[in-house]
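# Inside the fold
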Amino acid sequence: MDYDNAYEREIDLKELMFAVLHRWKLILAVAIVFALILGGYKAVSGYRSQSNNPEAEEAYAKAVKEYNESLAICNREIDNLTSDIENQQKYVEGSVLMNISPYDVWTAKAELFVNPDYEEGEEYRNAALTATIMRAYQSGLTSGELLDRIAANTGVEQRYLQELIKVSVRLDDFSGIQSWGTGLTFSSRQDNLLTIEVRHETEQSASELMEEILKGVKQFQAQISSGIGRHSVTEFTSSVSSQIDLSLAERQTAESERLTTLKASLDAKNEELKGMKMPEPASSSFIKAGVKYGVVGGVLGAFMVVFFVCIGFVMSDKVYSAKELKYRFKVKILGRLPLSCDKSVGRIDMWLNRLEGRAWQADLDHEYGLISANICNYTEGAKSLLVIGNAQEERLTQAVTELTAKLPGIKVVLGGNLLKDAEGLKKLPECDGVILVEECKTSLYSDVELEIEKARDLQKMVVGCIVFE
């Protein structure tokens, strides 16, 4: 069988990868050594520089103080924001006013005429008295005492009731402002009107709230008459109607936006708190630098080993696999045997051999049985076979012993290394064929080629090759 001496080797990336992985012990050892050297050097040099620099400790103490102050401020801000969010959320959910539709606001309104008793000629003095009486009503109708009683009767909290009530007054020759809850209005009109307005979700609720306030007016009338001055109170007008209040819509939107803003601020503060880091002491900076450079050194050491392993794989002439022998020299592979039959091969190496597809099982009797069957199929009529190869001598002897026992009709002769053993060369002309026994990582492709040439020069059949992987 002829073969092409101009064979061009193609680098198998899978084989290259496994060639690197099989050197995992060397890669790990070199990586550790480089990590210790580079990391240790950086740590020691950093320690020396820090020990001779007292200003670093002062800077660290200052940084810790600033960090603690910033941390305390941030925590207080978070507590304040959390409290405001809880209050705002409770207000938005519990407030009657915040849950009224601004396009369907039931408003109850009552105008009361307050007429103080005074004698003729005392109008100026009694004008001030009238203002005091009106203010007393305004204060009393929005006071906590009255609102507590109304809250008990209606089940609505006082803080939510207060924003539903507006009490305004118009006095002679005065001017002022009015607002809901505590508003007071003075105008130049010549009337003494006490205007009460309440807002609620339903007509019935607005009417009931107005009735409670009017009861308060009667209650305060006796107190104000005895304490400030006698007067009469007459209900001038009263009404209940549904209205649109766009200002309420704006207020509801503003309160909802305020809650959203508070939540966003709280999230920002929590992120700021997470980003705050305790300053590292000056003594730990060189440790951190040592670890960093140790990692860099480990990666560098591992890369160097991988680089040189790849170069060695490409440049090496040693047999790497049975597949390469088959394709390069066009020889049949009679069988593949593991290099080691004991448990000296580690589990990781055995696992890598299995992944790569190498022979990793140790049942030699079974494997030599298959090899003998292949030899019988390829050597019909052969009387003697010469076992040669570049494998270690004990492997050649083992092959001869096993094949002699399993091939009783064929004489199996040990030829050894034809390139080094003259006795083997003398036995070559007397045999009918040769069997190669090669060992990965020991045999050389160039030596295998010379052995095949010597056999074929004498027109001897190359039966095949037994490969120890």
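Just above, that's the structure.
Numbering of residues starts from 1 in each chain and follows the order in which that chain's sequence is written. For a predicted model such as this one, the threshold for reporting local features is a pLDDT of at least 70, and the threshold for listing and counting side-chain atom pairs is 80 or more; totals across whole chains, interfaces and linings nevertheless cover every residue. Water and hydrogen atoms were dropped before computing side-chain values, which therefore reflect all heavy atoms in the structure.

### Some points on the overall build of the protein chain
Quick note on the threshold: Secondary structure is summarised from DSSP: a helix means a run of H or I of at least four residues, a strand means a run of E of at least two, and numbering begins at the N terminus for each. Only protein chains enter the accessibility calculation, which uses a 1.4 Å probe. A residue is then buried if its area is under 20% of the maximum for its type, exposed if over 50%, and partly exposed in between. For accessible areas, the Shrake-Rupley method is used with a probe of radius 1.4 Å. Any residue's cover is judged against the shown protein chains and nothing else.
Looking only at helices and strands, the protein chain features 15 helices and nine strands. Split into buried and exposed, the 469 residues of the protein chain put 40% on the buried side. Summed over its atoms, the accessible surface of the protein chain is roughly 26,600 Å², and 54% of this surface lies on carbon and sulfur atoms.

### A closer look at the nonpolar core
Defined as follows: Side-chain atoms within 4.5 Å link the members of a nonpolar core, which is a set of buried Ala, Val, Leu, Ile, Met, Phe, Trp, Tyr and Cys residues. In this description, contact between two residues means that some pair of their heavy atoms is separated by no more than 4.5 Å.
Of all hydrophobic cores here, the largest spans 38 residues; its most connected members are Leu141, Leu161, Leu194, Ile196, Leu209 and Ile213. Where this core is concerned, the elements lending two or more residues are strand 1 (105–116), helix 4 (123–141), helix 5 (144–154), helix 6 (158–162), strand 2 (165–170), strand 3 (193–200) and helix 7 (203–227). Other than its neighbours up to four places away in sequence, Ile213 contacts Leu141, Ile150, Ile165, Ile196 and Val198. With 26 residues, the next largest nonpolar core counts Leu16, Leu325, Leu352 and Val448 among its residues.

### Some remarks on unusual backbone geometry
Backbone geometry places Lys330, a non-glycine residue, at a positive phi of 55°. We classify Lys330 as partly exposed; its relative accessible area is 38%. Its identity is not glycine, yet Lys441 carries a phi of approximately 70°, on the positive side.

### Digging into helix 10 (residues 322–329)
Cut-off, in case you're wondering: Comment: arc refers to directions from the helix axis out to C-beta atoms.
Of all the residues in helix 10, the buried ones are Ala322, Glu324, Leu325, Arg328 and Phe329. Each buried residue of helix 10 sits inside an arc of 160° when the element is viewed along its axis, so together they form one side. Looking at the buried positions of helix 10, the neighbouring elements they touch are strand 5 (333–337), strand 8 (433–439), helix 15 (445–457) and strand 9 (461–468). Phi turns positive, to about 55°, at Lys330, one or two residues after helix 10.

### Examining the packing of helix 12 (residues 364–378) against helix 13 (residues 393–406)
Helix packing for two helices is described by the angle between their axes and how far apart those axes are. Threshold: Interaxial angles span 0 to 180 degrees and are taken between N-to-C directions of axes, which are lines fitted to C-alpha atoms, for helices over the stretch in contact. Angle categories are assigned with fixed cut-offs, so that under 35 degrees is roughly parallel, over 145 is roughly antiparallel, 65 to 115 is roughly perpendicular, and the rest are oblique. We call a crossing left-handed when the near helix sits turned anticlockwise from the far one by less than a right angle, and right-handed when that turn is clockwise. When residue character is reported, Ala, Val, Leu, Ile, Met, Phe, Trp, Tyr, Cys and Pro are called nonpolar, Asp, Glu, Lys and Arg charged, and the others, Gly included, polar.
Contact pair helix 12 / helix 13: the axes reach a minimum separation of 10 Å and the direction vectors enclose 70°. For the element pair helix 12 / helix 13, the angle class is roughly perpendicular. As for how helix 12 packs across helix 13, the hand of that crossing is right-handed. Seen from helix 12, the contacting residues are Leu364, Asp365, Tyr368, Gly369, Ile371, Ser372 and Ile375; seen from helix 13, they are Gln398, Ala399, Glu402, Leu403 and Lys406. Within the contact of helix 12 with helix 13, the residues separate by chemical class into six nonpolar, three polar and three charged.

### Examining the pattern of salt bridges
Note the following rule: Any Lys or Arg side-chain nitrogen found within 4 Å of a carboxyl oxygen on Asp or Glu counts as a salt bridge.
Considering all chains together, one arrives at 13 salt bridges under this definition. Residue Glu15 is joined to Lys323 by a salt bridge in which the shortest nitrogen-to-oxygen separation is 3.8 Å. Placement of the pair is Glu15 in helix 1 (residues 13–21) and Lys323 in helix 10, with a sequence separation of 308 residues. By relative accessible area, Lys323 is classed as partly exposed at 38%. Notably, a salt bridge pairs Glu163 with Arg251, separated by 3.1 Å at the nearest N-O pair. Linking Glu163 in the loop between helix 6 and strand 2 with Arg251 in helix 8 (residues 246–275), this pair joins segments that are 88 residues apart in sequence. On the basis of relative accessibility, which here comes to 32%, the residue Arg251 falls in the partly exposed class. Among the charged side chains, a network of salt bridges with common partners joins Glu77, Lys269 and Glu272.

### Observations regarding the sheet that holds strand 8
Rules: Only strands that DSSP links by at least two bridges are regarded as paired with each other.
Pairing is parallel in the open sheet, where five strands are placed in the order 5-9-8-6-7. Both outer strands of the open sheet, strand 5 and strand 7 (411–416), are each paired with one neighbouring strand and no more. On average, each strand axis in the sheet is tilted by 20° relative to the strand beside it, whichever way the strands run. In this structure, strand 6 (residues 384–388) lies alongside strand 7, joined through five bridges in parallel fashion. The residue of strand 7 that forms the bridge with Val387 is Leu414.

Limitation: the analysis is restricted to geometry and does not speak to function.
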